[in-house]
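Listed below are the residues making up each chain.
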Amino acid sequence: MAERLDDISGMRSLDPSDILGQLTAFPDQLEWSRDMVVPNMTGASNVVICGVGGSAIAGDVLMDLLVTTSPVPLAVSRDVVLPGYADKDTLVIVASYSGNTAESLDQYEDAMRRGCRMAAVTSGGRLEELARKNSQTLIKVPAGNQPRASMGYLLGSLALFAQRAGMGAVHDQLMASVPKLRSFMDTLAPDVPSTRNQAKRIARAMTGHVPAVYAPRTVRSVALRWQGQVNENAKMVAFSGEIPEMDHNQLVGWLEGGTGCHCRPVVLMPADMRPTVRRMAEVTLQMLNERGLDPVLVALPGSDLMSNVLQGLALGDMTSYYLAILKGVDPAPVTPIKEFKARISQ
């Protein structure tokens, strides 16, 4: 296995679309929005980010970064309609990388009917057409990527909207974190051997199992991102959840039915955890180990929330990529999603 992960030419042959290049461009994608000019968007009573899949996860990340500090309430909606409270005082930000996502477009129309304040981030499609037609604030990001490999563009753009909406200096903080993120990603590169590459080691530990990725609520978006990237890049079943919520339900399944299911828990631990949650996570790991379930413990890199989140996202991306290599599959195609979209359009 280790040899396959250190075979650079073999990786290239499995990845003709260069998903690797798109994933490793995460820091550059974030910096793309550094000099972007967005008008003042303050005055909203609440903010709702609309999207699904690879576009919505950037909203989840932003929520984790802002939930304890923002004076303006923020929600992420993955529905086809807005929350009931959305009205003319709500800022609705529609995020769709393609610009043609059915759920996002339905929410756009719902926001228009309700008279909400509007903004959009997309690479084109119908969403761009509507935003330009209605003279709404728009950030058009570069096209040509897989949506799930465009996290930097989407997160940077959403953070800029949030900062201009009076939710704190989150965009400035993102930009300040890019150098450390770039340095960390260098340690995960394909030419760094498995013995010194954290993502390769985690991929080896997860291969052959159904991973269930858990994280404290403060970084729950990172666990959700890991799940999605393993699903799409490695073509594997994976799940995610939160600690301590899982200790009130899923822990029973693990301890009394987890052996023999080919599942393996993966626990993400940020640097800064509330003492109660840290103790709960430690006891959870202890109990899982006592039952022989061999959880994978991942100490998220970095010393604060921003670095834990950004570097944790990068670590998950690269782990999912190396899982695909270990399986011998092209990480790019998502054929079932294309089939699903084709069927619903009939």
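Residues numbered from 1 in each chain as written. Predicted model: local features only at pLDDT ≥ 70, side-chain atom pairs only at ≥ 80, totals over all residues. Heavy atoms only, no water.

Observations concerning the pattern of salt bridges
Oppositely charged side chains may form a pair once their charged atoms are brought near each other. The following threshold applies: Salt bridges are defined as contacts in which a side-chain nitrogen from Lys or Arg sits within 4 Å of a carboxyl oxygen from Asp or Glu. Each helix is a run of DSSP H or I of at least 4 residues and each strand a run of E of at least 2, with the numbering of both proceeding from the N terminus.
On inspection of all chains with the given rule, the structure shows 19 salt bridges. One salt bridge connects Arg34 with Glu31, and the closest N-O pair in it is separated by 2.8 Å. Its salt-bridge partner being Arg78, residue Asp60 comes within 2.4 Å of it at the nearest N-O pair. Linking Asp60 in helix H5 (residues 53-66) with Arg78 in the loop between strand S2 (74-77) and strand S3 (90-96), this pair joins segments that are 18 residues apart in sequence. Several salt bridges converge on common partners, so that one network encompasses Asp28, Glu31, Arg34 and Arg182.

Observations concerning the state of the cysteines
Put simply, the rule reads: The disulfide definition used here is simple: a pair of cysteine sulfur atoms within 2.5 Å.
Overall, the coordinates contain 0 disulfides when judged by the stated rule. Cys50 carries a free sulfur, and the closest cysteine sulfur to it, the one in Cys116, is 8.4 Å from it.

Describing the nonpolar core
Operational definition: Residues grouped as a nonpolar core are buried Ala, Val, Leu, Ile, Met, Phe, Trp, Tyr and Cys residues, joined through side-chain atoms within 4.5 Å. The buried label goes to any residue with under 20% of its type's maximum accessible area, the exposed label to any with over 50%, and the partly exposed label to all in between, with areas taken from a 1.4 Å probe on protein chains only. Residue contacts are counted whenever heavy atoms from the two residues lie within 4.5 Å of one another.
Within the largest apolar cluster, 84 residues are counted, with the highest numbers of intra-cluster contacts made by Leu62, Trp226 and Leu268. With 12 residues, helix H14 (residues 305-327) is the single largest residue contributor to this core. Look past the residues within four positions of Trp226 in its chain and what remains in contact with it is Ile202, Met206, Val213, Val266, Leu268, Val298, Gly312, Leu315, Gly316 and Thr319.

Regarding the sheet that holds strand S6 (residues 210-216)
For clarity, the threshold we go by: For two strands to pair, DSSP has to find at least two bridges joining them. Fitted lines through C-alpha atoms serve as axes, helices being fitted only where they are in contact, and the angles separating the N-to-C directions of these axes extend from 0 to 180 degrees.
With parallel pairing, 4 strands are arranged side by side in an open sheet as S7-S6-S8-S9. Pairing within the sheet leaves two strands with one partner each, and these edge strands are strand S7 (239-243) and strand S9 (296-299). In this sheet, adjacent strand axes meet at a mean angle of 25° when their direction is disregarded. Relative to strand S8 (residues 263-269), S6 is paired through 5 bridges, and the arrangement is parallel. The partner of Tyr214 across the bridge, within S8, is Val267. Across the sheet, helix H10 (residues 198-206) touches S6, S8 and S9, and the angle it forms with S9 is around 160°.

Re the side chain of Thr319
So the rule is basically this: Whenever a nitrogen or oxygen atom comes within 3.5 Å of another N or O atom, the pair is scored as a polar contact, on the condition that within protein one atom can donate a hydrogen and the other can accept it, and that pairs from neighbouring residues in sequence are kept only if both atoms are in side chains.
Relative to the helices and strands, Thr319 is located in helix H14. A relative accessible area of 1% means that Thr319 is categorised as buried. Here Leu315 takes part through its backbone oxygen, which lies 2.8 Å from a polar atom of the side chain of Thr319. Sequence-distant contacts of Thr319, defined by excluding residues within four places in its chain, comprise Ala199, Ile202, Ala203, Met206 and Trp226.

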